[in-house]
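Coordinate analysis (summary)
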Amino acid sequence: MAEGKGFQLPFKLNATIILVVICIVIILKELFVGTGGFIEVEPGEAAVIYNNTRLGIFGAESESLQQGAKTFIPGMQSVEKLSRRPEVFIMAAEKPKGADSGNFSRRLTVRAKDGSNFHFDRLEIHYQIIPSAAAKVISTSGPGDAYKKHLIATHAREILRDEFGRYDFIEVANPSTYGAAQAKSKEELNRRLEVYGIQ
């Protein structure tokens, strides 16, 4: 019996030491490689702080942050930043020089109500994330600029095809009809994308 207890004690000590060493390594990594538990959200940025443990003592599962400073617990929490500046999504025959690849898609071709096809040489959609909904943007699309591909490109193409496809080529060439289709597209895009944290 005494020998069995003697063998258990070192195992418990080793497990405790291993856990302490792991915690120290995580904290040192954050201090030297990460942000050391302090984040500055600059003008034009939004950030999301995540509770990696899902334990209530470390805060909400995710929280959207706007401009300012915020502390967090390295290892237990992590931070993801997004740009909240206005951006332009372009649909064109050729990618403009210097354009962000996430903000470019091939030109829009529309099937008109009379069965013919027409295309737009260039269309621009101006958008930005809603700063207070940054956590929603990331949770629905993934980190970084993933939302540009998963949300903007997909929904914009579908909605523009639907709205402009209600007319034939001659009707779309009429400025008042074009303006009405443009306004309706904007309204529908806002309605659809607001759910995902984008306007």
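For clarity, every value in this text was computed on a predicted model and none was experimentally measured. (Residues numbered from 1 in each chain as written. Predicted model: local features only at pLDDT ≥ 70, side-chain atom pairs only at ≥ 80, totals over all residues. Heavy atoms only, no water.)

**Structural notes on the packing of helix α3 (residues 146-164) against helix α5 (residues 175-194)**
For clarity, the cut-off: Helix axes use the C-alpha atoms of the stretch in contact, all axes being lines fitted to C-alpha atoms, and the angles between their N-to-C directions lie in the range 0 to 180 degrees. The secondary structure listing takes helices from DSSP runs of H or I that are at least 4 residues long and strands from runs of E that are at least 2 residues long, numbered from the N terminus. The handedness criterion is simple: a crossing whose near helix is rotated anticlockwise from the far helix by less than a right angle is left-handed, and one whose near helix is rotated clockwise is right-handed. Whether two residues are in contact is decided by their heavy atoms: any pair within 4.5 Å suffices. When residues are grouped by polarity, Ala, Val, Leu, Ile, Met, Phe, Trp, Tyr, Cys and Pro land in nonpolar, Asp, Glu, Lys and Arg in charged, and all others, Gly among them, in polar.
At their nearest, the axes of α3 and α5 sit 9 Å apart, and the two run at 140 degrees to each other. When you trace α3 past α5, the crossing you get is right-handed. Contact residues: Leu151, Ile152, His155, Ala156, Glu158, Ile159, Leu160, Glu163 and Phe164 in α3; Tyr178, Ala181, Gln182, Lys184, Ser185, Glu188, Leu189, Arg192 and Leu193 in α5. Looking at the contact of α3 with α5 residue by residue, the class counts come to ten nonpolar, three polar and five charged.

**A look at the nonpolar core**
Note the following rule: As used here, the term nonpolar core means buried Ala, Val, Leu, Ile, Met, Phe, Trp, Tyr and Cys residues forming a set that is joined through side-chain atoms within 4.5 Å. The classification of residues rests on relative accessible area computed with a 1.4 Å probe and restricted to protein chains. Under 20% of the type maximum is buried, over 50% is exposed, and intermediate values are partly exposed.
Counting 30 residues, the largest nonpolar core has Met91, Phe120, Ile129, Tyr147, Phe164 and Ile198 as the members making the most contacts within it. Listed by contribution, the elements that provide at least two residues to this core are β2 (45-51), β6 (87-92), β10 (122-127), α2 (134-141), α3 and α5. Per element, the largest residue contribution to this core is seven residues, and it comes from α3. Contact partners of Ile198, with chain neighbours within four places excluded, come to Tyr127, Gln128, Ile129, Ile130, Val137, Tyr147, Leu151, Ile152 and Leu193. Of all hydrophobic cores here, the second largest spans six residues; its members include Ile39, Ala47, Ile49 and Phe72.

**Topic: the confidence of the model for the chain**
The following threshold applies: Values of pLDDT, the confidence the predictor places in each residue, fall between 0 and 100.
Across the chain, the average pLDDT comes to 81, with 85% of residues at or above 70. Summarising per-element confidence for the chain, the mean pLDDT is lowest in helix α1 (residues 2-32) (64) and highest in α5 (92).

**Focus: the sheet that holds β10**
Pairing between the strands of a sheet is mediated by backbone hydrogen bonds and can be parallel or antiparallel. Test applied: Strand pairing requires that DSSP identify at least two bridges connecting the strands.
The sheet built from three strands is open, its strands ordered β7-β6-β10 with mixed pairing. Whereas interior strands pair on both sides, the edge strands pair on one side only; in this sheet they are β7 (104-106) and β10. Taken pair by pair, the neighbouring strands of this sheet meet at an average axis angle of 20 degrees, ignoring direction. Note that β6 and β10 share six bridges and pair antiparallel. Following the sheet pairing, Met91 is matched in β10 by Leu123.

**A short note on α5**
Quick note on the threshold: Here the expected length of a helix is defined as 1.5 Å per residue gap, with one fewer gap than residues. What the arc covers is the set of directions going from the helix axis to the C-beta atoms.
Helix length check: α5, at 20 residues, gives a terminal C-alpha distance of 28 Å against a target of 28 Å (1.5 Å per residue), a fit within 8%. For α5, the set of buried residues is Thr177, Ala181, Ser185, Glu188, Leu189, Arg192 and Leu193. The arc enclosing the buried residues of α5, seen along the axis, measures out at 115 degrees, which places them on a common side. α5 presents Pro175, Ser176, Lys186, Glu187, Arg191 and Glu194 as exposed residues on the side facing more than 90 degrees away from its buried surface. Packed against the buried residues of α5 are β10, α3 and α4 (169-173).

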